[in-house]
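# Coordinates in review
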Amino acid sequence: MSRTLITTLALAATLAGVGCFRAPSAPWIDGDPAPSPDYGYSEGTLTVMNGQQSGDMGEIRGFSGSASDLSGYGNTYSSTYANVRLDSVGSGWWAMSSIHISGDLAGPAFAPGTHRTYTTGVWSDGEPTVSVTGCSGPDYGNYTFDSSEGDVEIGVQALPNGMRRMDYIVHFYDGTTTRGSFDYRIDATTGSTAPTPTPSGI
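The structure presented is a predicted model; accordingly, all values stated were derived computationally and were not measured.

Turning our attention to the nonpolar core. In terms of nonpolar packing, the biggest core is built from 31 residues, with Leu105, Met166, Phe182 and Tyr184 touching the most fellow members. Taken together, the elements giving at least two residues each to this core come down to β2 (46–57), β3 (60–67), β5 (81–90), β6 (93–102), β8 (129–137), β9 (145–158), β10 (164–172) and β11 (177–186). Ignoring anything within four residues of it in the chain, the contact list for Tyr184 reads Leu46, Thr47, Val48, Leu105, Phe110, Val156, Gly162, Met163, Arg164, Arg165 and Met166. Core analysis: the second largest hydrophobic core is formed by five residues, Trp94, Met96, Cys135 and Tyr140 among them.

Looking now at the pattern of salt bridges. A side chain with one charge may pair with a side chain of the opposite charge, provided their charged atoms come close. In this structure the tally under the stated criterion is three salt bridges. Of the charged contacts, one joins Arg165 and Asp183 as a salt bridge, the two residues approaching to 2.6 Å between their closest N and O atoms. Of this pair, Arg165 sits in strand β10 while Asp183 sits in strand β11, and the two are 18 residues apart along the sequence. Accessibility expressed as a relative area gives 27% for Arg165, which makes it partly exposed.

Along any regular strand the residues' side chains alternate between the sheet's two faces. By the bridge criterion, five bridges tie strand β7 (residues 115–119) to β9 in an arrangement that is antiparallel. Paired with Tyr118 across the strands is Val152, a residue of β9. Two elements, β8 and β9, share four bridges in a ladder whose sense is antiparallel. Along β9, the bridge assignment pairs Cys135 with Asp146. Pairing of β9 with β10, which is carried by nine bridges, proceeds in the antiparallel orientation. Bridge assignment links Glu149 to a residue of β10, and that residue is Phe172. Between β9 and β10, which pair antiparallel in sequence order, lie five residues; one of them, Asn161, sits at a positive phi of approximately 60 degrees.

Evaluated as defined, the whole model comprises five aromatic pairs. Aromatic side chains Phe145 and Phe172 sit 5.4 Å apart centroid to centroid with 85 degrees between the ring planes, which places their arrangement in the edge-to-face category. On the criterion of sequence distance, the pair formed by Phe145 in strand β9 and Phe172 in strand β10 is long-range, its members being 27 residues apart. The residues Phe145 and Phe172 share a single accessibility class, namely buried. The interplanar angle of 50 degrees and the centroid separation of 6.4 Å between the aromatic rings of Tyr168 and Phe182 together place this pair among those described as tilted. With Tyr168 in strand β10 and Phe182 in strand β11, the pair connects residues that are 14 residues apart, well separated along the chain.

Let's shift gears to the side chain of Asp87. By the element assignment, Asp87 lies in strand β5. Of the residues examined, Asp87 reaches a relative accessible area of 2% and is grouped as buried. Side-chain polar atoms of Asp87 contact the side chain of Arg85, separated by 2.7 Å. Side chain to side chain, Asp87 and Trp94 meet in a polar contact 2.8 Å long.

Here the focus is the environment of Asp146. Structurally, the position occupied by Asp146 is in strand β9. Looking at Asp146, the relative accessible area reads 39%, which means it is partly exposed. Residues Asp146 and Met57 lie 89 residues apart in sequence; the distance between their C-alpha atoms is 9.3 Å.

Cut-offs and rules
Residues numbered from 1 in each chain as written. Predicted model: local features only at pLDDT ≥ 70, side-chain atom pairs only at ≥ 80, totals over all residues. Heavy atoms only, no water. Core = buried A, V, L, I, M, F, W, Y, C linked by side-chain atoms within 4.5 Å. Buried < 20%, exposed > 50% of the residue type's maximum accessible area, 1.4 Å probe, protein only. Helix = DSSP H or I, 4+ residues; strand = E, 2+ residues; numbered from the N terminus. Contact = heavy atoms within 4.5 Å. Salt bridge = Lys/Arg side-chain N within 4 Å of Asp/Glu carboxyl O. Pairing = 2+ DSSP bridges. Phe/Tyr/Trp six-rings, centres within 6.5 Å; stacked < 30°, edge-to-face > 60°. Polar contact = N/O pair within 3.5 Å; in protein donor to acceptor, adjacent residues only side chain to side chain.

Remember, this is a structural readout, not a statement about activity or role.
So this is what it looks like as structure tokens:
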């Protein structure tokens with residue numbers, strides 16, 4: 001096993017196991033002010049924009065809002081692992097979905113037209129997996145809910161200019177359901193090689 005793969009697997013295990021982690025630019029749970037949202041963020045070879053979330057997550061019910069993608073652990077991509085984090089904030093509520101993808105997000109398992117349900121704890125050797133950590137509370141970084149999902153449904157569609165959109169529906173163990181979507185492009189030899197535009201606002 002290569003060192004790169006070992007490092008990637010270690011990162012995936014770390015991110016999947018820490019729940020409501022604190023990204024480097026995110027506030028501490030003690031209530032320090034949150035930074036200004038980054039509306040459209042690119043790190044490495046993964047560009048993510050136009051995030052949306054709605055539904056129920058823990059005690060936060062009936063929420064709906066655009067999502068800012070934060071720095072730090074927000075967006076990462078390699079040919080074996082990707083992570084996308086979406087935070088939506090409104091008056092008296094905050095909801096975060098951190099989407100962990102094993103396998104190549106630019107590969108055939110996530111090609112446009114894909115529709116698939118991933119169930120926690122169920123996988124096959126060599127097959128990709130998708131899991132989601134959900135965190136929510138009364139304000140950003142102050143979480144009263146921290147859970148992985150029971151299952152997550154995804155759909156992938158092609159968009160212009162080399163972009164793709166992933167729609168997801170997360171069913172949490174407490175019975176709540178969150179829906180969301182985000183647009184993304186992978187600018188690498190394993191994915192789209194379209195020129196990278198300046199990210200637009202969410």
